[in-house]
Amino acid sequence: MTVVEPGGFATRSGKNPDPLNNGHLSEPDPVYDGLRRRVAAFAGNQPAGDPAAAAQALLKIVDSDTPPLRVLFGQGFYPMLQQVYADRLKTWADWQDLSAEAHGNPDPEDR
């Protein structure tokens, strides 16, 4: 099994004024207005992407003798994730003493 984590593909030539409105929305909740503005600002700015290329990539995974558990489809993910995981590793290292402390100090005779 492979989990495919795709980036965005521009649709409607990036000309949808409200990318969250696909014609099947209830009355918009004002709580989400900020999210709508952020998504709308991003929409149309991502690389267009090619669904046929994504399909070919999927077939390569299917035909692979050793498919990955997870794979990213799109551009720009890898550098971003390198930083995210570097930050996580640093935090875990910085707090390793507390992590060990939280496990306690089991008495070897109790084993």
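Residues numbered from 1 in each chain as written. Predicted model: local features only at pLDDT ≥ 70, side-chain atom pairs only at ≥ 80, totals over all residues. Heavy atoms only, no water.

Colleague: Could you clarify how one ought to interpret the overall build of the protein in this entry?
Modeller: In terms of helices and strands, the protein carries 4 helices and 2 strands. Helices and strands appear in the protein in the N-to-C order β-α-α-β-α-α. Here the protein holds 111 residues, and the buried ones make up 8% of them. Partitioning the intrachain contacts of the protein with sequence separation of at least 6 by distance along the chain shows that 67% fall at a separation of at least 24. Total accessible area on the protein is roughly 9600 Å²; 56% of this is exposed by carbon and sulfur atoms. (Helix = DSSP H or I, 4+ residues; strand = E, 2+ residues; numbered from the N terminus. Buried < 20%, exposed > 50% of the residue type's maximum accessible area, 1.4 Å probe, protein only. Contact = heavy atoms within 4.5 Å. Areas by Shrake-Rupley, 256 points an atom, 1.4 Å probe, with all protein chains shown as cover.)

Colleague: Help me out: how do you make sense of the pattern of salt bridges in this one?
Modeller: Side chains that differ in charge, positive against negative, can pair when their charged atoms come close. All chains considered together, the criterion is met by 2 salt bridges. The salt bridge involving Arg 70 is made with Glu 5; its shortest N-O contact spans 3.7 Å. Separated by 65 residues along the polypeptide, Arg 70 in strand S2 (residues 70-73) and Glu 5 in strand S1 (residues 3-6) bring together distant segments of the chain. Given a relative accessible area of 54%, Arg 70 falls into the exposed group. (Salt bridge = Lys/Arg side-chain N within 4 Å of Asp/Glu carboxyl O.)

Colleague: So what exactly am I meant to see when it comes to the packing of aromatic side chains here?
Modeller: The geometry of an aromatic ring pair is captured by the separation of the ring centres together with the interplanar angle, meaning the angle of the planes. Inspection of the entire model under this criterion finds 0 aromatic pairs. Taking the ring centre of Tyr 85 as reference, the NZ or CZ of Arg 88 above it sits at 4.9 Å. (Phe/Tyr/Trp six-rings, centres within 6.5 Å; stacked < 30°, edge-to-face > 60°. Lys NZ or Arg CZ within 6 Å of the ring centre and 35° of its normal.)

Colleague: Sorry if this is basic, but what is going on with a nonpolar patch on the surface here?
Modeller: Taken together, the side chains of Val 31, Tyr 32 and Leu 35 present a nonpolar region at the surface, about 330 Å² in accessible area. Position of Tyr 32 among the secondary structure elements: in the loop between S1 and helix H1 (33-42). (Patch = residues over 30% accessible without salt bridge, like charges linked within 9 Å, V, L, I, M, F, W, Y side chains within 5 Å.)

Colleague: Looking at this structure, how should I read helix H4 (residues 96-103)?
Modeller: Given 3.6 residues per turn, any residue in an α-helix points the same way as the ones three and four places further on. Counting buried residues along H4, only 0 of its 8 residues qualify, which leaves the element largely exposed. Phi for Gly 104, located one or two positions after H4, is positive at around 90°.

Colleague: Quick question: what am I supposed to make of helix H2 (residues 51-63) here?
Modeller: Between its first and last C-alpha atoms H2 spans 18 Å; for 13 residues at 1.5 Å apiece the expected length is 18 Å, and the two agree. One side-chain oxygen at the N-terminal end of H2 lies 3.0 Å from the backbone nitrogen of Ala 52; it belongs to Asp 50. (Expected span 1.5 Å × (residues − 1). Polar contact = N/O pair within 3.5 Å; in protein donor to acceptor, adjacent residues only side chain to side chain.)

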